[in-house]
Amino acid sequence: MEDRIKSLQAMEILDSRGNPTVLVELELEGGIQIVSRVPSGASTGAHEAVELRDDNPERFGGKGVLGAVNNVNEVIAPVLTGQKVTDQASLDRRLLELDGGPHKAKLGANAILAVSQAVLEGAARVHNQPLYRYLGGLNASVLPVPLLNVLNGGAHADNNIDIQEFMFVPVGAATFREALRMAQESYQALKKILQQKKLRTAVGDEGGFAPDLQSNRAALDLLIQAMEQGGLKPGQDMVLALDIAANEIKRDSGYFFEGGVKTGPELIDYYHRLIHDYPIISIEDGLAEDDWENWQLMTERLGDQIQLVGDDIFVTNTDRIQRGIDEICANAVLIKLNQIGTITETLQAIRLTHQAGWRTVVSHRSGETEDTTIADLAVAVNSAQIKTGAPARGERIAKYNRLLVIEHKDPSLEYAGWEAFRR
Ligand code: PGA
Ligand code: ZN
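Remember, predicted model here, so these are calculated numbers, not experimental data.

Rules used throughout
Residues numbered from 1 in each chain as written. Chains lettered and ligands numbered in written order. Predicted model: local features only at pLDDT ≥ 70, side-chain atom pairs only at ≥ 80, totals over all residues. Heavy atoms only, no water. Helix = DSSP H or I, 4+ residues; strand = E, 2+ residues; numbered from the N terminus. Rg over C-alpha atoms; globule rule 2.2 N^0.38 Å. Buried < 20%, exposed > 50% of the residue type's maximum accessible area, 1.4 Å probe, protein only. Areas by Shrake-Rupley, 256 points an atom, 1.4 Å probe, with all protein chains shown as cover. Donors = N, O, S within 2.8 Å, 3.2 Å for Na, K, Ca; no water. Salt bridge = Lys/Arg side-chain N within 4 Å of Asp/Glu carboxyl O. Lys, Arg positive; Asp, Glu negative; His and termini not counted. Polar contact = N/O pair within 3.5 Å; in protein donor to acceptor, adjacent residues only side chain to side chain. Contact = heavy atoms within 4.5 Å. Pairing = 2+ DSSP bridges. Near = heavy atom within 4 Å. Nonpolar A, V, L, I, M, F, W, Y, C, P; charged D, E, K, R; others polar. Domains from an automatic or database assignment. Axes fitted to C-alpha atoms, helices over the stretch in contact; angles between N-to-C directions.

Draft legend 1. Broad picture of the overall build of the protein. The helix and strand inventory of the protein stands at 13 helices and 16 strands. Taking 423 residues into account, the globule formula puts the C-alpha radius of gyration at 22 Å, and the protein, at 21 Å, falls close to it. A principal-axis box enclosing the C-alpha atoms of the protein has dimensions of 60 × 50 × 45 Å. When burial is assessed residue by residue, the protein has 59% of its 423 residues classed as buried. Of the roughly 16,300 Å² that the protein leaves accessible, carbon and sulfur atoms contribute 46%.

Rendered as structure tokens:
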């Protein structure tokens with residue numbers, strides 16, 4: 001009886017950008033109480049599951065989520081009450097049936113994920129295990145390498161840089177704790193450099209700095225300088241990763257990049273030169289979400305040199321990931337729970353990706369909350385990589401702090417380091 005759902009209640013809260021999002025409180029018969037919160041993206045892919053918003057201009061500029069909240073309280077709760085939280089797959093299936101559509105547009109992926117995530121955490125508590133251990137069992141053995149977004153452009157910042165994210169990747173550390181320290185010290189060094197150059201030190205949505213700079217290369221030069229001033233060897237202690245978020249620069253005529261219009265193959269040439277000149281280990285969304293042909297070309301040309309991560313092209317959706325595997329587009333998948341909407345489907349996406357010999361990167365969204373489920377998820381599935389923002393701002397730090405605690409309490413886990421990028 002202890003593991004059965006006694007009550008399920010949602011409410012509207014705010015995310016890190018101050019936009020409304022969904023919180024769910026779950027209570028079990030045995031008295032266990034769980035709180036779950038979902039994030040929200042800004043550079044959202046067209047193929048993502050639907051984040052249900054009220055579109056009522058009188059509240060939060062139309063971004064209210066009272067409809068999604070109501071769906072949890074009035075539609076989902078009556079059906080799930082009395083069910084066992086340990087039956088994740090069947091409860092998730094019930095959620096899909098209740099919604100009935102392929103994109104979760106009726107109930108909202110925000111409503112559905114908040115419930116699915118609460119159920120998972122509830123089951124872990126019933127088993128008296130930390131979430132990563134309940135979910136990953138004995139298989140969970142590595143702590144992920146963090147990809148820390150320290151310089152922002154694109155849709156995440158009000159500056160003139162068109163690459164969305166420049167990330168520090170502390171691969172050379174021996175432990176997660178050391179990795180975080182290395183990245184944090186270089187982040188602080190970067191701040192000093194910006195101050196000396198009289199550049200803005202205001203930050204973007206994920207905590208990275210958002211200065212106006214001459215070019216993308218100027219940004220990369222600053223990052224290298226920051227690493228060196230932080231006492232690190234670029235390419236050895238720490239490397240770089242980029243998220244181009246190419247959807248955001250795609251128009252009918254081509255990709256708007258560095259003041260001109262570029263074709264897919266021209267962008268690929270540009271990346272080719274960039275990875276020759278800088279220690280870049282990974283490029284995410286180098287091309288747009290439906291540009292399969294050029295994704296194939298990019299993988300052919302760069303795939304044996306760096307990690308090519310698909311975010312908007314795959315949207316954590318097994319159908320799209322399978323197409324990518326079949327057509328050899330990319331060699332890694334970004335995993336965002338709210339792109340697909342349930343725990344079960346997320347785990348299926350991860351399994352499919354790993355079976356193909358590809359890497360996964362578990363990811364936050366640009367609009368986040370204090371929820372730390374993704375930290376546990378990354379450890380549980382041996383993802384070996386996690387992307388959750390700068391080493392600054394509470395909602396980002398919450399995930400890194402959770403990983404620090406996991407590492408501290410569980411000496412059986414090893415920091416992935418360079419292994420994270422081996423295929
Ligand atoms: P988003 O950005 O959460 O705004 O979609 C993150 C990303 O593109 O990876
Ligand atoms: Zn992305």
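There's plenty left to go through after this.
Draft legend 2. Representation of the coordination of the zinc ion (ligand 2) within the structure. Coordination sphere of the zinc ion (ligand 2), protein contribution only: Asp 243 (OD), Glu 284 (OE) and Asp 311 (OD), at 2.0 to 2.3 Å. Positions of the donor residues of the zinc ion (ligand 2), expressed as sequence spacing, correspond to D-x40-E-x26-D. Here Asp 311 lies in the loop between strand E12 (307-310) and helix H9 (318-327) and Asp 243 lies in strand E7 (residues 239-243), a separation of 68 residues in the sequence. Residue classification places Asp 243 among the buried residues on the basis of a relative accessible area of 1%. The exposure class assigned to Asp 311 is buried, which follows from its relative accessible area of 3%.

Draft legend 3. Local environment of the pattern of salt bridges. Across all of its chains, the model carries 25 salt bridges by this definition. Here Glu 12 ties to Arg 59 by a salt bridge, and the two come within 2.6 Å at their closest N and O atoms. With Glu 12 in strand E1 (residues 5-14) and Arg 59 in the loop between strand E3 (33-37) and helix H1 (66-80), the pair connects residues that are 47 residues apart, well separated along the chain. Measuring nitrogen to oxygen at the nearest pair gives 3.2 Å for the salt bridge that ties Asp 290 to Arg 320. In this pair, Asp 290 sits in the loop between strand E11 (280-284) and helix H8 (292-302) while Arg 320 sits in helix H9, placing the two residues 30 residues apart along the sequence. For Asp 290, a relative accessible area of 45% translates into the label partly exposed. Residues joined in a network through salt bridges with shared partners are Glu 165, Asp 243, Glu 284 and Lys 387.

Draft legend 4. Here's a closer look at the side chain of Asp 162. For Asp 162, the position within the fold is in the loop between strand E5 (145-152) and strand E6 (165-169). Buried Asp 162, no salt bridge; nearest opposite-charge side chain is Lys 262, N-O distance 8.5 Å. Among the polar contacts made by the side chain of Asp 162, one reaches the side chain of Asn 216 at a distance of 3.1 Å. In this structure the side chain of Asp 162 is engaged in a polar contact, spanning 2.8 Å, whose partner is the backbone nitrogen of Glu 258. Ignoring anything within four residues of it in the chain, the contact list for Asp 162 reads Gly 154, Asn 216, Ile 244, Ile 249, Phe 256, Phe 257 and Glu 258.

Draft legend 5. Looking closely at the pairing of E5. Across the eight residues that make up E5, a large majority, eight, are buried. Looking at chain direction, E5 and strand E15 (residues 385-387) are connected through three bridges and run parallel. Bridged to Val 145 within E15 is Gln 385. The sheet contact formed by E5 and E6 spans four bridges and is antiparallel. Opposite Leu 148, over in E6, you have Phe 168 as the bridge partner.

Draft legend 6. Up close: the site of ligand 1. Taken together, 15 residues lie near ligand 1, and Ala 42, His 156, Arg 365, Ser 366 and Lys 387 sit nearest. Between an oxygen atom of ligand 1 and a main-chain N or O atom of Ala 42, the distance comes to 2.6 Å. Take Asp 311: an N or O atom from its side chain is 3.1 Å from an oxygen atom of ligand 1. Out of a free accessible area of 270 Å², ligand 1 has 99% covered by protein chains. The residue inventory of the shell around ligand 1, partitioned by class, reads two nonpolar, five polar and eight charged. Split by domain, the shell around ligand 1 shows at least three residues from each of two domains, domain 1 (5-128) and domain 2 (135-421).

Draft legend 7. Up close: unusual backbone geometry. Positive phi, normally seen in glycine, also occurs at Phe 60, with a value near 45 degrees. Position of Phe 60 relative to the elements: it lies in the loop between E3 and H1. One non-glycine residue, Glu 258, lies in the positive phi region at around 45 degrees. As for its position among the elements, Glu 258 is in the loop between strand E9 (254-257) and strand E10 (260-262). Exposure remark for Glu 258: the relative accessible area of 37% places this residue in the partly exposed category.

Draft legend 8. Looking closely at the sheet that holds strand E2 (residues 20-28). The strand order across the open sheet built from three strands is E1-E2-E3, with neighbouring strands paired in antiparallel fashion. The open sheet terminates on both sides in strands that have one partner only, identified here as E1 and E3. When the angles between neighbouring strand axes are averaged without regard to direction, this sheet yields 20 degrees. Relative to E3, E2 is paired through five bridges, and the arrangement is antiparallel. By the bridge assignment, Glu 25 is partnered in E3 with Val 35. Against the sheet, H1 makes contact with E1 and E2, and its axis sits at roughly 175 degrees relative to E1, the strand it touches most.

Keep in mind that these numbers describe shape and distance, not what the molecule does.
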